Each structure stands twice: as C-alpha cells, then as structure tokens.
Amino acid sequence: MQIQVLGSGCARCKKLHELTSEIVKELELDAKVDYITDVSKIVEMGIMQSPVLAVNGKPVMIGFIPNREKIKDLIVKALE
Amino acid sequence: MDLFYPIQLFSDWLTFGLLNLDKKSIFGSSLNFFIYDSVKILILLIVIIFLVSFLRSYLSQEKMRKLLTKKYLIIGNVLAALFGIITPFCSCSAVPLFIGFVESGVPLGVTFSYLISAPMVNEVAVILLFGLFGLPIALLYAASGITIAIVVGFLMGRMNLEHLVVDYVWKIKAGSMGQEQKPTFKERVNQAYIYTFDLVKKVFLYVLIGVGIGALIHGYAPEKFLAQIAGKGNILAVPLAVLVGVPLYSNAAGTIPIVKSLIEKGLPLGTALAFMMSVTALSFPEMVILRKVLKLKLLGIYIAILSLGIIFTGYLFNLVI
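Note that the structure is a prediction, hence the values are computed from the model and not measured.

S.K.: Is there a simple way to think about the overall build of chain B in this case?
M.R.: Each helix and strand counted, chain B has 16 helices and zero strands in total. Taken over the C-alpha trace, chain B has a radius of gyration of 21 Å; the compact-globule value for 321 residues is 20 Å, and the two agree within 12%. In terms of its C-alpha atoms, chain B occupies a principal-axis envelope of roughly 70 × 55 × 30 Å. For chain B, the residues scored as buried account for 53% of the 321 residues in total. Summing over all exposed atoms, chain B offers an accessible surface of approximately 15200 Å²; the carbon and sulfur share of this is 72%. Charge centroids of chain B, computed over 25 positive and 15 negative side chains, lie 7 Å from each other.

S.K.: Just to check I follow, could you spell out the environment of Asp38(A) for this structure?
M.R.: Its place among the elements puts Asp38(A) in the loop between strand E2 (33-36) and helix H2 (39-44). Distance in space between the C-alpha atoms of Asp38(A) and Gly7(A) is 7.4 Å, their sequence separation being 31 residues.

S.K.: Whenever I open this one, the packing of helix H8 (residues 135-158) of chain B against helix H14 (residues 269-281) of chain B confuses me. Can you help?
M.R.: A packed helix pair is summarised by two numbers, namely the angle formed by the two axes and the spacing between the axes. All names here are of chain B. Contact pair H8 / H14: the axes reach a minimum separation of 11 Å and the direction vectors enclose 60°. The angle between H8 and H14 places the two elements in the oblique class. Note that H8 runs across H14; the crossing there is right-handed. Facing H8, whose interface residues are Ile137, Leu140, Tyr141, Ser144, Gly145 and Ile148, H14 presents Leu269, Leu273, Met276, Met277 and Thr280. For the contact of H8 with H14, a count of residues per class yields eight nonpolar, three polar and no charged.

S.K.: Help me understand the interface of chain B and chain A in this model?
M.R.: Frequently, the measure chosen for interface size is the accessible area that the parts lose on association. Taken together, the contact pairs 23 residues of chain B with 21 residues of chain A. With both sides pooled, the region where chain B packs onto chain A buries about 1900 Å², and carbon together with sulfur makes up 65% of that total. Linking chain B to chain A there are zero salt bridges. Sorting the residues of the side of chain B that touches chain A by element identifies helix H3 (61-69), helix H5 (94-103) and helix H10 (185-220) of chain B as the ones contributing at least two each. Partitioning the side of chain B that touches chain A into residue classes produces 11 nonpolar, six polar and six charged.

S.K.: Mind showing me how you'd approach the pattern of salt bridges here?
M.R.: This structure, assessed with the given rule, holds 10 salt bridges over all chains. Here Asp73(A) makes a salt bridge to Lys77(A), at a shortest N to O gap of 3.8 Å. Remark: Lys77(A) and Asp73(A) occur in helix H3 (residues 68-79); sequence separation between them is four residues, near one turn of the helix. Residue class for Asp73(A) comes out partly exposed when judged on its relative accessible area of 43%. The exposed category is assigned to Lys77(A), whose relative accessible area is 56%. Linking Asp198(B) and Lys202(B) is a salt bridge whose minimum nitrogen-to-oxygen distance equals 3.8 Å. Here Asp198(B) pairs with Lys202(B), and both are found in helix H10, just four residues apart, close to one helical turn.

S.K.: When you look at the sheet that holds strand E1 (residues 3-6) of chain A in this model, what are you seeing that I'm missing?
M.R.: Hydrogen bonds between backbone groups are what pair the strands of a sheet, and the pairing can be parallel or antiparallel. Residue and element names in this part refer to chain A. The strand order across the open sheet built from four strands is E2-E1-E3-E4, with neighbouring strands paired in mixed fashion. Edge positions in the sheet fall to E2 and strand E4 (58-62), since each has one partner strand and no second. Each strand axis lies, on average, 25° off the axis of its neighbour in the sheet, ignoring direction. Pairing of E1 with strand E3 (residues 52-55) involves four bridges; the strand directions are antiparallel. Each bridged residue has a counterpart across the sheet, and for Leu6 the counterpart in E3 is Val52.

S.K.: Help me understand the side chain of Asp198(B) in this model?
M.R.: Look at Asp198(B) and you get buried, because its relative accessible area is 17%. Other than its neighbours up to four places away in sequence, Asp198(B) contacts Arg12(A) and Pro66(A).

S.K.: Just checking my understanding: could you explain the pairing of E1(A) for this structure?
M.R.: A regular strand places its side chains so that they alternate between the two faces of the sheet. All names here are of chain A. By the alternation rule, side chains of E1 split into Ile3 and Val5 and Gln4 and Leu6, which are all buried. As paired elements, E1 and E2 share four bridges and run parallel to each other. Bridge pairing links Gln4 to Asp34 in E2. Tracing the backbone out of E1, into helix H1 (residues 11-26) and back to the parallel element E2 gives a crossover that is right-handed.

S.K.: What exactly am I supposed to notice about helix H1 (residues 5-18) of chain B here?
M.R.: Residues spaced three or four apart along an α-helix point in a common direction, a consequence of the helix completing one turn every 3.6 residues. Residues and elements named next belong to chain B. With 14 residues, H1 should reach 20 Å at 1.5 Å per residue; the first-to-last C-alpha distance of 18 Å fits that figure. Elements that come into contact with the buried residues of H1 comprise helix H2 (26-56). Looking one or two places after H1, you find Asn20, whose phi comes out positive at around 55°.

S.K.: Is there a simple way to explain the nonpolar core in this structure?
M.R.: A general trend in soluble globular proteins is that nonpolar side chains are found buried together. In terms of nonpolar packing, the biggest core is built from 87 residues, with Leu45(B), Phe98(B), Phe112(B), Met156(B), Leu298(B) and Tyr302(B) touching the most fellow members. Apart from the residues lying within four places of it in its own chain, the contact partners of Phe112(B) are Phe98(B), Gly153(B), Met156(B), Leu294(B), Leu298(B) and Tyr302(B). Counting 15 residues, the second largest nonpolar core, distinct from the first, contains Val5(A), Leu19(A), Leu53(A) and Ile71(A).

S.K.: Mind showing me how you'd approach unusual backbone geometry here?
M.R.: Negative phi characterises most residues that are not glycine, and trans characterises most peptide bonds. All names here are of chain A. Each neighbour pair has its own omega, and for Ser50 with Pro51 the value is 0°, a cis peptide bond. With a phi angle near 50°, Asn56 is a residue other than glycine that sits in the positive phi range. Residue placement: Asn56 occurs in the loop between E3 and E4.

Rules used throughout
- Residues numbered from 1 in each chain as written.
- Chains lettered and ligands numbered in written order.
- Predicted model: local features only at pLDDT ≥ 70, side-chain atom pairs only at ≥ 80, totals over all residues.
- Heavy atoms only, no water.
- Helix = DSSP H or I, 4+ residues; strand = E, 2+ residues; numbered from the N terminus.
- Rg over C-alpha atoms; globule rule 2.2 N^0.38 Å.
- Buried < 20%, exposed > 50% of the residue type's maximum accessible area, 1.4 Å probe, protein only.
- Areas by Shrake-Rupley, 256 points an atom, 1.4 Å probe, with all protein chains shown as cover.
- Lys, Arg positive; Asp, Glu negative; His and termini not counted.
- Charge placed at Lys NZ, Arg CZ, Asp CG, Glu CD.
- Axes fitted to C-alpha atoms, helices over the stretch in contact; angles between N-to-C directions.
- Parallel < 35°, antiparallel > 145°, perpendicular 65-115°, else oblique.
- Left-handed = near helix turned anticlockwise from the far one by under 90°.
- Contact = heavy atoms within 4.5 Å.
- Nonpolar A, V, L, I, M, F, W, Y, C, P; charged D, E, K, R; others polar.
- Buried area = accessible area lost by both parts, 1.4 Å probe.
- Salt bridge = Lys/Arg side-chain N within 4 Å of Asp/Glu carboxyl O.
- Pairing = 2+ DSSP bridges.
- Right-handed = clockwise from strand over helix to strand, strands pointing away.
- Expected span 1.5 Å × (residues − 1).
- Core = buried A, V, L, I, M, F, W, Y, C linked by side-chain atoms within 4.5 Å.

None of this, on its own, says anything about what the molecule does.
What follows is the structure, given as structure tokens:
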C-alpha cells in the first residue's frame, strides 16, 4: 500500500502531509506516507492543483479539504 | 433602503444603548464603526464565498484548459482573465497550473493573464471592497484588474518569451485524469460549506485587525493628513504605494479596511487602488514559487510589466476621479 501527498511545498501541502500521517497512524495502516515535492509528478497525473492525496498511485483528493473525517473517509474508501 | 441598515441598528444599540457610550465621543463612534464594519463583512464573506465556491464546482479546470487552448487573438486572454475571477487560487497551485496549461498548448501570454487575474480579482478582495466602499468601487477594482490581466498577458504573448521558461517544463508529459467524477448536489454543497468556513476562519482575524486599525485611524488621525504627504500632488505616491504593497500579501483581508480609513483621510483613490492591486497580485511568495518554472529574466519581465500596469492604473484613476 502506498500513500502519497504531492505538493509544491506550500503551507497547505505540509498541513495535508501532517494530517494524512496522523490518520494513517490512527487507522493502524501498514503504510508510509510519502511527501513528494516534485511538481512534474502532479502534472503527469493530469492534475493542475496542489496538494494532491494519492492512494496506490491514484489521486483521491485534489486540492486541500481541511476536514479530518473527510480525508479519513477518502483513504478508507480508496483501500476497499 | 440600505440592505445593511439592520446591522447599523444593531451596532448603534450595542454601543450607544447597551454600553451607553456617548454618540459624540471618539471612542464611541470608533467602536460603533468597528462593530458595524466587522459584522457586515462577516456576513458578506460567508454568503458570497459559499455561493461562489458552490458555483465553481461546475467549472472544472479540465474544461477551462480545453477552452483556453484555442488560439484566437486576445480572446484567450479575455477568457483566462474571466476564469481567474471565479476559480480559487492558492499560490501552491501556481506551478502545477502553469505547467499544465503550457504543456497542453495554452499560449504563454494567456497563461499569464490567468496568473494575474486569479489572485488579483479574488472573492475576498472584491467582497471587502463591496462591503466597505460600495458596489461601484468594487466593480472598478475588478474591471481594472481584469483589464491589466488581459493587456499584460497579451503583451507578454507578443514578446515570444517561450525560451525563457525553465527547460524541464517542456519535457513533462501532462497525463490525463480520465473520467472526472461528477459530484452530487449534496457533495457540492458540502464542499462549499467546508471551504467557506475554512476560508472565513482564516481571513476573519485579519479583517478584525484591519477594521480595528481602520477604526482607530477613523477616530483619531487628523482630518486630511494624508492629503499633504500622499496626495495627488505627490507624483511618487503611486509607485511608492505599489512597493509598500508587495510584502503585505497574506494580509489582503486586513489591508483593505485600513485603506478605507486612509482614503477618508485624503489618500487619492487611484493611489489606494494601485496599492491594493499590488497587495493581491504582486506577492513575494508567489514570485518565489514561480521562479521554479520561469527563468529569472522572464520573472523580471513579468514583475516589471505587471508593476507598470498597476502604476499606470493608479495614475489614470487619480487623473480621472
């Protein structure tokens, strides 16, 4: 399982990385949250916003939604 | 009737009724001014940001990009500047957006039109101007912002600057998202709700501080004191105002209420508009981020032309109004 936060290094991107790491711990998932600042990876996914949350290489959240439950929900759904 | 009259009643009741302050005292009138402005702006922020963010869920960046790749003289710039008004813009997205646009064939000049319009004509700035200065000034600001975005983008497009984009940008292959999922109505409302409260929470503190300082100036600064130092007679006032605006980026919300009081004290409107545009469009953090995709020379050209555009607008309004 691979969880990635892709961002250009802005404040919202860092926030998303923190939140995601916390959620992964909370759910006791066997995954490391990678923080990728190489913007070309975002563009290669066909996305023009930052940050992006991706589970197993698939974007599940584009742009930052500052809601813990929502992010948790998206990760759980993506894993099903 | 004034739509905001009930807020004035509330503010009067609070300051002169409940707190029993003297209507003629400086403190009383400053506090009254502070409560009225902050309540009014809070309501406007919540209502308008919610509406805008709900409506914008219908315009995807994918659709936008498709429209902008069609190359008609200047029409691309006009469309890009208009899209810039409704789309949210966080400087974090500047780089992926720039690459995504340029990669898929959106002309460089059109991309710049968007990059100028998106932060400059943003909903928070326009709401604050509407709430504090009224509709005509808010529209004047938006119209000049859009015009600058169109003209600057168009000029830069004519200069053939593609070779000044950092090389790796041209090598990236933009992927495709495939099928975009259509959110349901409920999801759109929900997203807009979350977005609105996040944004309002973030800017409202600055608004309060700005309105607070504005109220102090309103009550305590001598009448027309700015007319002497920064009035129309001072030819350097406009460029200076633009320079002062650059580092104030994150505080656009706090700056506008202060500007309102400065205008009351004699700051000419054109100078004030130029200042506000520089606060929103010429932000230092965004320039640092853009350096990742623009060679230094191109970044310099961009900043120079944009600054000239803003300064010109400032002079123009000082002359006309």
